[in-house]
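# A closer look at the structure
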Amino acid sequence: MKKIINHTIILLFMTHFSSAQFEPNYDEAKVPVFPIPDLLTTFSGEIIKNSEDWNTERRPELLNFFEENVYGKVPGTLDNASFEVVERNENALNGKAHRKQIEVTLQKGSRSLQFNILLYLPKHKDKAPLFLGYNFFGNHTITTDLNVLVSKAWTMNNEKLGITANHATEASRGVRAHRWAIDKILDKGFGLAVIYYGEVDPDKNDFSDGLHTLFYSKGQKQPKANEWGSIAAWAFGLSRALDFLEKEKQVDASKVIAFGHSRLGKAALWAAATDERFAGVISNNSGCGGAALSKRKFGETVGRINTSFPHWFCDNFEKYNENEEALPIDQHQLLALIAPRPLYVASAEEDQWADPKGEFLSAHYTFPVYGLFGKEGITSQRMPEVNQPIQNTVAYHIRTGIHDVTDYDWEQYLIWAKKFIE
Ligand code: GTR
């Protein structure tokens, strides 16, 4: 309760005084000088010299730190998960794809939660590698395909996208199609599976709904300080979708790439860090609490993100509000948890809020861990020019334009995925 009151006060305060309260730093000269937490030295000072020690010592302690202090632990296990195909068509998208819509039911004791997966698979492939990711406003927004079901779940209002009264309607069909290059994905022989993130956990500072409620003990109203926020809940949802994909004959479940933009990029990274079945991950403009280094305090900061979105991370993360120096880790160590699997970090030139340079450096600093596995990271500290991708097992590009997902982004992801995942 106390937390809720505090946040309400902070939020009210922010709405009135936000510009005076928080001035993001966009000046490289004002970025603090700080030591990059070393990937290959354990918290107790041991030096990691090979992949085995990384896997048995360093990786687990880093993962544990992020679980306890950043994203929060999943507090239990489900009793059951079931999957029902509620709609299918062998000739979707002008005969190019198989379409399936799957209702997933997660159960714990007497409580349950349902969410829907929209799956497109290329008809010319017997077993397809696949991108799995969330969308912001419902599966029906990613395509003009009239058969995609409109979500009944709570949805953030967005008048421009035709969403009012917190529920989506036909009016928003296809409004986000430009973010999902479905034809290109299918033509290259990849499948695409998407989920509306609000069905897994509605994106609001309210822990009385969504996935968290399944795991509450008697009388519990919100997760404990080291338990999951919304990002970890969304990550958990991606893993349950992967459980389903493992049963799908036409999917190559050993080649599922978690994909996400912005807050959903943070969720994709955390999903791939916690679930090693993901073959790789793409972080599109994930920014603070995603790929970007926190200690640079460039654009969005830990204090700012925990104030604007108190439900995204676990409460323990608030210890680092305006106190990034005290963090014994930084986000390059989250990225290193993906190793040796392929990792793509992408930025946009006009998305300074997400700190493109901090995203690049974070990807760069993972190279010693990829090196332990004989994989090529990004060794140069020099950021590439705009629209000049670097594509190794670790890949990075900064494209022209704003915070968004574009065809250009997908074209690069497909070139890289063909080389490093397929
Ligand atoms: C912003 C938030 C970012 C990013 C973004 C998004 O408001 O500050 O961290 O996640 O939302 O998800 O579009």
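This structure is a prediction, so every number in the text was calculated from the model and none was measured.

### With respect to the state of the cysteines
Scanning all chains against the criterion turns up 0 disulfides. Free of any disulfide, Cys-288 has its nearest cysteine sulfur in Cys-314, 14 Å distant. You can call Cys-288 buried: its relative accessible area is 5%.

### Notes on the packing of helix 6 (residues 230–245) against helix 7 (residues 263–274)
Axis separation between helix 6 and helix 7 bottoms out at 8 Å; the angle between their running directions is 60 degrees. Accordingly, the angle class assigned to the pair helix 6 and helix 7 is oblique. Considering the relative orientation of helix 6 and helix 7, their crossing is right-handed. Each of Ile-231, Ala-232, Trp-234, Ala-235 and Leu-238 in helix 6 lies in contact with helix 7, whose residues at this interface are Leu-264, Lys-266, Ala-267, Ala-268, Trp-270 and Ala-271. By residue class, the composition of the contact of helix 6 with helix 7 is 10 nonpolar, no polar and 1 charged.

### Some words on the sheet that holds strand 1 (residues 80–91)
Read across the sheet, 10 strands follow the order 1-2-3-5-4-6-7-8-10-9 without closing on themselves; strand pairing throughout is mixed. A strand with exactly one partner marks an edge of an open sheet, and here the two such strands are strand 1 and strand 9 (390–391). As paired elements, strand 4 (residues 128–135) and strand 6 (residues 251–261) share 5 bridges and run parallel to each other. Counted as the bridge partner of Ala-128 is Val-251 from strand 6. Contacting strand 4, strand 6, strand 7 (280–284) and strand 8 (343–348), helix 7 runs over the sheet at an angle of about 145 degrees to strand 6.

### Looking at the site of the ligand
Around the ligand, the neighbouring residues are Phe-136, Ser-262, Arg-263, Lys-266, Glu-300, Ile-305, Phe-309, Trp-312, Trp-353 and His-403. Between Lys-266 and the ligand, the recorded distance is 2.8 Å, taken from a side-chain N or O atom to an oxygen atom. One of the side-chain N or O atoms of His-403 is found 3.3 Å from an oxygen atom in the ligand. When grouped by side-chain class, the residues that make up the shell around the ligand number 5 nonpolar, 2 polar and 3 charged.

### Looking at helix 7
The end-to-end C-alpha separation of helix 7 is 17 Å, in line with the 16 Å expected for 12 residues at 1.5 Å each. Burial of helix 7 is extensive: 11 of the 12 residues sit out of reach of the surface. Within helix 7 the residues assigned to the buried category are Arg-263, Leu-264, Gly-265, Lys-266, Ala-267, Ala-268, Leu-269, Trp-270, Ala-271, Ala-272 and Ala-273.

### A short note on the packing of aromatic side chains
By the definition in use, this model includes 26 aromatic pairs. When the ring of Tyr-196 is compared with that of Tyr-197, the centres are 5.9 Å apart and the planes differ by 80 degrees; the resulting orientation is edge-to-face. Summarising the aromatic geometry, the rings of Phe-317 and Tyr-320 are spaced 6.4 Å apart at their centres and angled 50 degrees between planes, so their arrangement reads as tilted. Judged on exposure class, the residue Phe-317 and its partner Tyr-320 are both buried. Aromatic rings pair up to connect Phe-131, Trp-180, Phe-190, Phe-259, Tyr-344, Trp-410, Tyr-413 and Trp-416 into one cluster. The positively charged end of Lys-204 is found above the aromatic ring belonging to Trp-154, 4.6 Å away from the centroid.

### With respect to the pairing of strand 4
Across the 8 residues that make up strand 4, a large majority, 8, are buried. Burial along strand 4 is two-sided: the residues Ala-128, Leu-130, Leu-132 and Tyr-134 and Pro-129, Phe-131, Gly-133 and Asn-135 are all buried. As defined by bridge partners, strand 4 adjoins strand 5 (residues 191–196) across 6 bridges and the pair is classed as parallel. Directly across from Gly-133, in strand 5, lies its bridge partner Val-194. The β-α-β motif built from strand 4, the intervening helix 4 (residues 182–187) and the parallel element strand 5 has right-handed crossover chirality.

### Observations regarding the environment of Glu-90
Looking at the secondary structure, you find Glu-90 in strand 1. In this structure Glu-90 comes out as partly exposed when scored by relative accessible area, which is 41%. Excluding its chain neighbours within four sequence positions, the residues that come into contact with Glu-90 are Ala-97, His-98 and Lys-123.

### Here we look at the side chain of Glu-359
Structurally, Glu-359 is set in helix 10 (residues 356–364). Lys-266 provides the closest opposite charge to the buried, unpaired Glu-359, separated from it by 7.5 Å. Here the side chain of Glu-359 touches Ser-347 through a polar contact of 2.7 Å, side chain to side chain. The contact partners of Glu-359, leaving out residues within four places of it in the chain, are Asn-285, Ser-286, Gly-287, Ala-291, Ala-292, Val-345, Ala-346, Ser-347, Ala-354 and Tyr-396.

### Considering the nonpolar core
Among the nonpolar cores identified, the biggest contains 90 residues, and Leu-132 and Trp-270 are the most heavily contacted of them. Looking at this core element by element, the count peaks at 11 residues for helix 6. Those residues in contact with Trp-270 that sit more than four places away from it in its chain are Leu-63, Phe-66, Glu-67, Tyr-71, Gly-72, Ile-231, Ala-232, Ala-235 and Leu-334. Residues Val-148, Ala-181, Val-405 and Leu-414 belong to the second largest nonpolar core, which totals 29 residues.

### Regarding the side chain of Thr-393
Mapping Thr-393 onto the fold places it in the loop between strand 9 and strand 10 (394–399). Of the residues examined, Thr-393 reaches a relative accessible area of 7% and is grouped as buried.

Conventions and cut-offs
- Residue numbers restart at each chain and count upward from 1, following the sequence in its written direction.
- Where totals are concerned, whole chains, interfaces and linings use all residues; where local detail is concerned, this predicted model gives features only for residues with pLDDT of at least 70, and gives and counts side-chain atom pairs only at 80 or more.
- The side-chain values count all of the structure's non-hydrogen atoms but skip hydrogen atoms and water molecules.
- We call a pair of cysteine sulfur atoms a disulfide whenever their separation is within 2.5 Å.
- Throughout this description, buried means an accessible area under 20% of the type-specific maximum (1.4 Å probe, protein chains only), exposed means over 50%, and partly exposed covers the range between.
- The axes are straight lines fitted to the C-alpha atoms, using for helices just the contacting stretch, and the angles between their N-to-C directions are given from 0 to 180°.
- Numbering goes from the N terminus for both helices and strands, where a helix is a DSSP run of H or I of at least four residues and a strand is a run of E of at least two.
- For classification purposes, an angle smaller than 35 degrees is called roughly parallel, one larger than 145 roughly antiparallel, one from 65 to 115 roughly perpendicular, and anything else oblique.
- A clockwise turn of the near helix away from the far one marks a right-handed crossing, whereas an anticlockwise turn of less than a right angle marks a left-handed crossing.
- Note on contacts: a residue pair is in contact if any heavy atoms of the two residues lie within 4.5 Å.
- Gly is placed with the polar residues, together with every amino acid not listed as nonpolar (Ala, Val, Leu, Ile, Met, Phe, Trp, Tyr, Cys and Pro) or charged (Asp, Glu, Lys and Arg).
- The pairing criterion for strands is at least two bridges between them, as found by DSSP.
- Nearness is defined per residue: one heavy atom within 4 Å of the molecule or strand is enough.
- For the purposes of these results, a polar contact is taken to be a pair of N or O atoms within 3.5 Å, where, inside protein, one atom must be able to donate a hydrogen and its partner to accept one; residues adjacent in sequence count only when each atom of the pair is a side-chain atom.
- How far a helix is expected to stretch is found by multiplying one less than its residue total by 1.5 Å.
- Whether two aromatic rings pair depends on their centres lying within 6.5 Å, for rings of Phe, Tyr and Trp, where Trp uses its six-membered ring; planes under 30 degrees apart make the pair stacked, over 60 edge-to-face, and the rest tilted.
- Both a distance and an angle decide whether a charge sits over a ring: NZ of Lys or CZ of Arg must be within 6 Å of the ring centre and within 35 degrees of the ring normal.
- Think of it like this: strands point away, you trace from the first strand over the helix to the second, and a clockwise trace means the crossover is right-handed.
- Counted charges follow a simple rule, with Lys and Arg positive, Asp and Glu negative, and His plus the chain ends left uncounted.
- By definition, a salt bridge exists where a carboxyl oxygen of Asp or Glu is found within 4 Å of a side-chain nitrogen of Lys or Arg.
- Think of a nonpolar core as a cluster: buried Ala, Val, Leu, Ile, Met, Phe, Trp, Tyr and Cys residues, connected wherever their side-chain atoms sit within 4.5 Å.

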